[in-house]
Amino acid sequence: MKQCLEMVTANLKNLSQALTIRKVILSTGMSTDEKSPLVRHQVPVYVKFGIGGLAGVTGQALTHPMDVLKVRMQVYKSELLSTMKQTTRAQGLLGLYTGLSASLLRQITYTTTRLGIFNTMSEICEKRFGRLNYPTLISLGMLAGMIGALVGTPTDVVMVRMIADVGLPLEKRRSYKHAIDGLFRVFKEEGIHTLWAGAMATVCRAAIANGAQLGTYSRSKTMLKDTGHFEDGLPMQFVAGLMSGVVAATASLPMDIAKTRIQNWKESDKPPGTGKMLLTISRSEGFRSLWRGFLPYYARLAPNTVITMVAMDQLTRFYLTHFQS
C-alpha cells in the first residue's frame, strides 16, 4: 500500500508539472490548440461515471472469452490452441464465458471509476489549459487507472479464481456460484485482506494499461483529426482504439501475468510480491514468458478498447444530443 501511495504521489507531481508548463505557455500568449468538444459541452459528473460503466460492460461482454483463454494460459503455462481445446472439451463453448458475472461486476466497479475519473479530470484540465498534451493525458490515465484498480481488485480476484478453477483437482476447486458468492466466501474463509490479493500488481498494471490506453486513445484521435483525413466519428474512434490497444497490451502484459499468478496462489505460504513474482517467472520460464498469452490478451484488449471507447464517445454524443438543452 505504501508503494501504491508513492505511485499516486509521483503521478500527481508529474501531472502538476505538465499543467504548470501548459499554464505558462497560455499566459505568454503563445498559440494554443482549439479546445475539444468536451470543453464546450457540459456532461454531469454522475453521467460520466454511468457512461463509463455502461461502456465497460458492453466491451467486456463481447470480449470475455479472450480473458478466459488468457488467464488459463498464464496460470497453467499452456499454449493458445491447447487451452482452447481443453476448455471446450471440459466445459463446451459456454466454458469460454466462465466467470462472466465477476467480469461484468469488475467493469461496473473498475471501469466506471477509471473512465468517470479520467473524463472528469480531463474536462476540468481542458477548461483551464486548453488541449492537453500527451504526457498530461498519460498521467491522467494512469491516475484514473490506479484508483479504479483499487476499487475493482476484489472482483478481479474472484474473476481470476472462477476462470482458473477448472484446471484444479476437484478437492481444491473453490466452485464459486457467482461473483457475489465469491466475494462473500473470500471474505468469510480467507479474510478481507485476501480480497485485495495482488493489489500492487493490479495497480501497476492499471497505471501502465490506462496511461497507455486512455492517453494514447485521446492523443491518437487528435493526431488523426489533424491529418485532415478523419472527422470525429466512428472511423476515427475505431482506428484510435486499435492504436491504443497495441501500446496498452505490450506495456501492461507482464504486470497482468504477475497479478494473475498472485491472485490464484494456492500454496500454503504467502504469495511473493510483484517484483519477486516477475523475477521468478523470468528466471524459471524465460524472459519471453512475461508476454505469455499476448495473442488472446491483445485479441481481447484491442476490440475491448475499441468497443469501450467508441461506446463511451457514442453514449456521450447521445446524451448531449437528446438530454442537453
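Our subject in this report is the structure included herewith.

The rules behind these values
- Residues numbered from 1 in each chain as written.
- Predicted model: local features only at pLDDT ≥ 70, side-chain atom pairs only at ≥ 80, totals over all residues.
- Heavy atoms only, no water.
- Salt bridge = Lys/Arg side-chain N within 4 Å of Asp/Glu carboxyl O.
- Helix = DSSP H or I, 4+ residues; strand = E, 2+ residues; numbered from the N terminus.
- Buried < 20%, exposed > 50% of the residue type's maximum accessible area, 1.4 Å probe, protein only.
- Phe/Tyr/Trp six-rings, centres within 6.5 Å; stacked < 30°, edge-to-face > 60°.
- Contact = heavy atoms within 4.5 Å.
- Expected span 1.5 Å × (residues − 1).
- Polar contact = N/O pair within 3.5 Å; in protein donor to acceptor, adjacent residues only side chain to side chain.
- Patch = residues over 30% accessible without salt bridge, like charges linked within 9 Å, V, L, I, M, F, W, Y side chains within 5 Å.
- Areas by Shrake-Rupley, 256 points an atom, 1.4 Å probe, with all protein chains shown as cover.
- Axes fitted to C-alpha atoms, helices over the stretch in contact; angles between N-to-C directions.
- Parallel < 35°, antiparallel > 145°, perpendicular 65-115°, else oblique.
- Left-handed = near helix turned anticlockwise from the far one by under 90°.
- Nonpolar A, V, L, I, M, F, W, Y, C, P; charged D, E, K, R; others polar.
- Arc of directions from axis to C-beta.
- Core = buried A, V, L, I, M, F, W, Y, C linked by side-chain atoms within 4.5 Å.

Another point: the pattern of salt bridges. The tally for this structure, following the rule as stated, stands at 14 salt bridges. With a closest N to O distance of 3.0 Å, Lys221 and Asp313 form a salt bridge. Of the two residues, Lys221 is situated in helix 8 (residues 199–226) and Asp313 in helix 11 (residues 294–322); the sequence distance between them amounts to 92 residues. Assigned by exposure class, Lys221 and Asp313 land together as buried.

The description of two aromatic rings rests on the distance between their centres and on the angle between their planes. Counted according to the given criterion, the structure contains four aromatic pairs. Measuring from centroid to centroid gives 6.1 Å for Phe294 and Tyr298, while their planes differ by 5°, and the two rings are stacked. Linking Phe294 with Tyr298, this pair stays in helix 11, spanning four residues, or about one helical turn. Classification of Tyr298 by relative accessible area gives partly exposed; the value is 24%. One aromatic cluster in this structure is built from Phe318, Tyr319 and Phe323.

The next point concerns the side chain of Lys259. As for its placement among the helices and strands, Lys259 is situated in helix 9 (residues 234–263). Lys259 has contacts with Asp156, Val160, Gly198, Ala201, Thr202 and Arg205, leaving out every residue within four places of it along the chain.

With 28 residues, helix 8 extends 39 Å from end C-alpha to end C-alpha; this agrees with the ideal 40 Å at 1.5 Å per step. A large share of helix 8 lies buried, amounting to 23 of its 28 residues. One or two residues past the end of helix 8 sits Gly228, with phi positive at roughly 85°.

With respect to the helices, strands and loops of the structure, Thr194 is situated in the loop between helix 7 (179–190) and helix 8. A polar atom in the side chain of Thr194 sits 2.9 Å from the backbone oxygen of Glu190. When residues no more than four places from it in sequence are discounted, the contact partners of Thr194 are Val157, Arg161 and Val186.

Time to look at unusual backbone geometry. In the Ramachandran plot, Lys77 falls in the positive-phi region, its phi being about 55° despite a non-glycine side chain. Mapped onto the secondary structure, Lys77 falls in the loop between helix 3 (45–76) and helix 4 (80–91). For Lys77, a relative accessible area of 47% corresponds to the partly exposed category. Positioned with a positive phi, Ser175 is a non-glycine residue whose angle comes to about 55°. Take Ser175: it is sitting in the loop between helix 6 (134–164) and helix 7.

A cluster of nonpolar residues, Phe187, Ile192 and Trp196, forms a patch on the protein surface that exposes about 310 Å² of accessible area. Position of Ile192 among the secondary structure elements: in the loop between helix 7 and helix 8.

In contact at an axis separation of 8 Å, helix 3 and helix 11 are set at 165° when each is read in the N-to-C sense. For the element pair helix 3 / helix 11, the angle class is roughly antiparallel. Considering only the axes of helix 3 and helix 11, their crossing is right-handed. When the residues that make up the contact of helix 3 with helix 11 are grouped by side-chain class, the tally is 17 nonpolar, eight polar and three charged.

Our focus in this paragraph is the environment of Thr87. Counting through the fold element by element, Thr87 comes out in helix 4. Sequence separation of Thr87 and Gly167 is 80 residues, and the distance between their C-alpha atoms is 9.3 Å. Contact partners of Thr87, with chain neighbours within four places excluded, come to Leu69, Arg72, Gly92, Gly95 and Leu96. Within the structure, Thr87 has its side chain in polar contact with the backbone oxygen of Thr83 (distance 2.8 Å).

Let us now look at helix 10 (residues 274–285). With 12 residues, helix 10 extends 16 Å from end C-alpha to end C-alpha; this agrees with the ideal 16 Å at 1.5 Å per step. Along helix 10, the residues classified as buried are Thr274, Met277, Leu278 and Ile281. The buried side chains of helix 10 occupy one side of the element, clustering within an arc of 100° when seen end-on. In helix 10, the exposed residues that point more than 90 degrees away from the buried face are Lys276, Arg283 and Ser284. At its buried positions, helix 10 is contacted by helix 8 and helix 9.

Glancing now at the nonpolar core. Phe118, Met309 and Met312 are the most contacted members of the largest nonpolar core, which totals 22 residues. Those elements giving two or more residues to this core turn out to be helix 3, helix 5 (100–129), helix 6, helix 8, helix 9 and helix 11. With five residues, the single largest contributor to this core is helix 5. Setting aside its immediate chain neighbours within four residues, Phe118 contacts Leu137, Leu140, Gly141, Ala144, Leu214 and Ser218. In this structure, Ala248, Ala249, Leu253 and Ile281 belong to the second largest nonpolar core, which totals 17 residues.

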